[in-house]
Amino acid sequence: MTTDNVPILTHDPFDDAVLADPTEFHEALRDAGQVVYLEKYGIWAMGRHAQVHAALQDWQVFQSAAGVGLANFRKEEPWRPPSLLLESDPPHHDAPRHVLANVLSPRALRRLRSLWSQDAEELVAQVLSQSTAFDAAKALAEPFPLRVFPDAVGLPPGGRENLLPYGDHAFNAFGPTNRHVQKGAARVAELGEWVGSRCRRDMLADQGFGAAIWAAADRGEITEQQAPLVVRSLLTAGVDTTVHAISAILHCFATHPDQWQRLRADPSLVRTAFDEAIRLESPVQTFFRTTTQPIRVGSVEIPADEKVLLFLGAANRDPRRWEEPNTFDLSRDPSGHMGFGMGIHQCVGQHVARLEAEAILNALIRRVQHLELNGEPVRHLNNTLHAWASVPVRVELDHEGAQSTGSPTSLVTPAANP
Ligand code: OVM
């Protein structure tokens, strides 16, 4: 391997200080060049928007089947059977991807919108009735996905508390075997068995995403051996991601009360708000690829069979691509962000995430006229996820807005209180 004319960085991107606040490291990474060599791990890395975008599009050279974490599956045993979606390339990738894209398509989610809006209304009303000062991460961002998503999958009620720890470990496991992975190792066998067993057809309700995946197997679109692993992708990638996306959005608004006023004035900005928060906070910070052949990036040649770490979070704040990249601003167009990746592996669950976030935001918009931080937010550290353990907020209620909940039962309220 040659490292001639390659910028070499000695940083550890998985060090706790960097995980807690990657801003400075991201800037050093982007400014060092189009691609750098991270000496500590013997890997390559890119943080500029243009190069991250190009690498994600080029699945032939930047492959996923050798794993999208630090471990190279050609040389190391994966901690679990590889995902048929995430850790796979065409042609094997195509059928599972097609099935899951249909199961999670905007059309397939249509009937969930009113259900989830109602659930969000109930949760938000309950939280606000208890106190106007609460932890937005613990009171809203965590419970809401756990309230709607496992039901939508069709999971049985018991053991759902295993979902977050399993997902948290899976995202840690993309990084080096540091303390975050070691901490999770104690429960890997137990959690893995629980998740694995819930993917069986007989465990899943006869309506829901799980049943829809099994129905695709009945139609021959995927095999019966593939179906449980496709269900596993839902259970791995579907909970922690949306929890941390929702807490990112709530943190953005709590730290930018002016943008909250703007959203309240024009609730159609809710979609922009979601993407802008994903851009700024990048709940999924990184994914690796593995080179299938030597590839030139600028003046550097990366050899074949090398791990390349792509910094979605750094690309999402690249000043070469974004004006005032570190600002949460609903007047920008955040489309083109890398928060959901790009290309054939772009997040297949993003419409689910959008629906969840929009349900929570819409419920808050009508009830909360002002929100702000009420203490120091606390990070939850993970090798891949950018997450909050706690986001203390204080809100001022809009008593008129809270009356018109838009739900069928509320239609009587204005008449009762003319
Ligand atoms: C999967 C998967 C997909 C995306 C992210 C992820 C743990 C897992 O297919 O299992 O993170």
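Residues numbered from 1 in each chain as written. Predicted model: local features only at pLDDT ≥ 70, side-chain atom pairs only at ≥ 80, totals over all residues. Heavy atoms only, no water.

Draft legend 1. Up close: the nonpolar core. Formed by 83 residues in total, the largest nonpolar core has its most connected members in Phe209 and Phe253. Ranked by the residues each element gives to this core, the list is headed by helix 17 (residues 350–367), at 10 residues. When sequence neighbours within four positions are dropped, the list of residues in contact with phenylalanine 209 reads Val103, Leu104, Leu109, Leu112, Phe149, Ala152, Val153 and Leu234. Core analysis: the second largest hydrophobic core is formed by 26 residues, Val52, Ile295, Ile302 and Val308 among them. (Core = buried A, V, L, I, M, F, W, Y, C linked by side-chain atoms within 4.5 Å. Buried < 20%, exposed > 50% of the residue type's maximum accessible area, 1.4 Å probe, protein only. Helix = DSSP H or I, 4+ residues; strand = E, 2+ residues; numbered from the N terminus. Contact = heavy atoms within 4.5 Å.)

Draft legend 2. Region of the structure containing the state of the cysteines. A full pass over the atoms with the stated rule returns 0 disulfides. Free of any disulfide, cysteine 199 has its nearest neighbouring cysteine sulfur in cysteine 347, separated by 18 Å. (Disulfide = S-S within 2.5 Å.)

Draft legend 3. Local environment of the site of the ligand. Taken together, Arg80, Ser83, Leu86, Ala170, Phe171, Phe174, Ser233, Thr236 and Ala237 are the residues near the ligand. Serine 83 has a polar side-chain atom sitting 2.6 Å from an oxygen atom of the ligand. Within the side chain of serine 233, an N or O atom sits 2.6 Å from an oxygen atom of the ligand. Coverage of the ligand by the protein amounts to 89% of the 300 Å² it exposes when considered alone. Using a 2 Å cut-off from the grid points, one finds that the ligand occupies the largest cavity. Counting only elements with at least two residues in the shell around the ligand, the list comes to helix 8 (163–172) and helix 12 (226–237). Considering each element in turn, the shell around the ligand owes the most residues, 3 residues, to helix 12. (Near = heavy atom within 4 Å. Polar contact = N/O pair within 3.5 Å; in protein donor to acceptor, adjacent residues only side chain to side chain. Areas by Shrake-Rupley, 256 points an atom, 1.4 Å probe, with all protein chains shown as cover. 1 Å grid on protein atoms, 1.4 Å probe; cavity = no way out; pocket = protein on both sides within 12 Å on 5 of 7 lines; lining within 4 Å. Sits in = over half its atoms within 2 Å of the grid points.)

Draft legend 4. Spotlight on the layout of surface pockets. Quantified by volume, the largest pocket comes out at close to 380 Å³. Partitioned by chemical class, the residues of the lining of the largest pocket number 15 nonpolar, 5 polar and 5 charged. (Points joined across faces, edges and corners; volume = space filled by probe spheres on them. Nonpolar A, V, L, I, M, F, W, Y, C, P; charged D, E, K, R; others polar.)

Draft legend 5. Local environment of the pairing of strand 6 (residues 286–291). Across the 6 residues of strand 6, 6 count as buried, placing the element largely inside the fold. Side chains of strand 6 alternate between two faces, with Thr286, Phe288 and Thr290 and Phe287, Arg289 and Thr291 buried alike. Taken together, the 2 bridges between strand 4 (residues 62–63) and strand 6 define a ladder with antiparallel strand orientation. Across the sheet, the residue bridging to phenylalanine 62 is threonine 291, located in strand 6. Examined bridge by bridge, strand 6 and strand 9 (residues 307–311) share 5 bridges and lie antiparallel to one another. The partner of arginine 289 across the bridge, within strand 9, is valine 308. (Pairing = 2+ DSSP bridges.)

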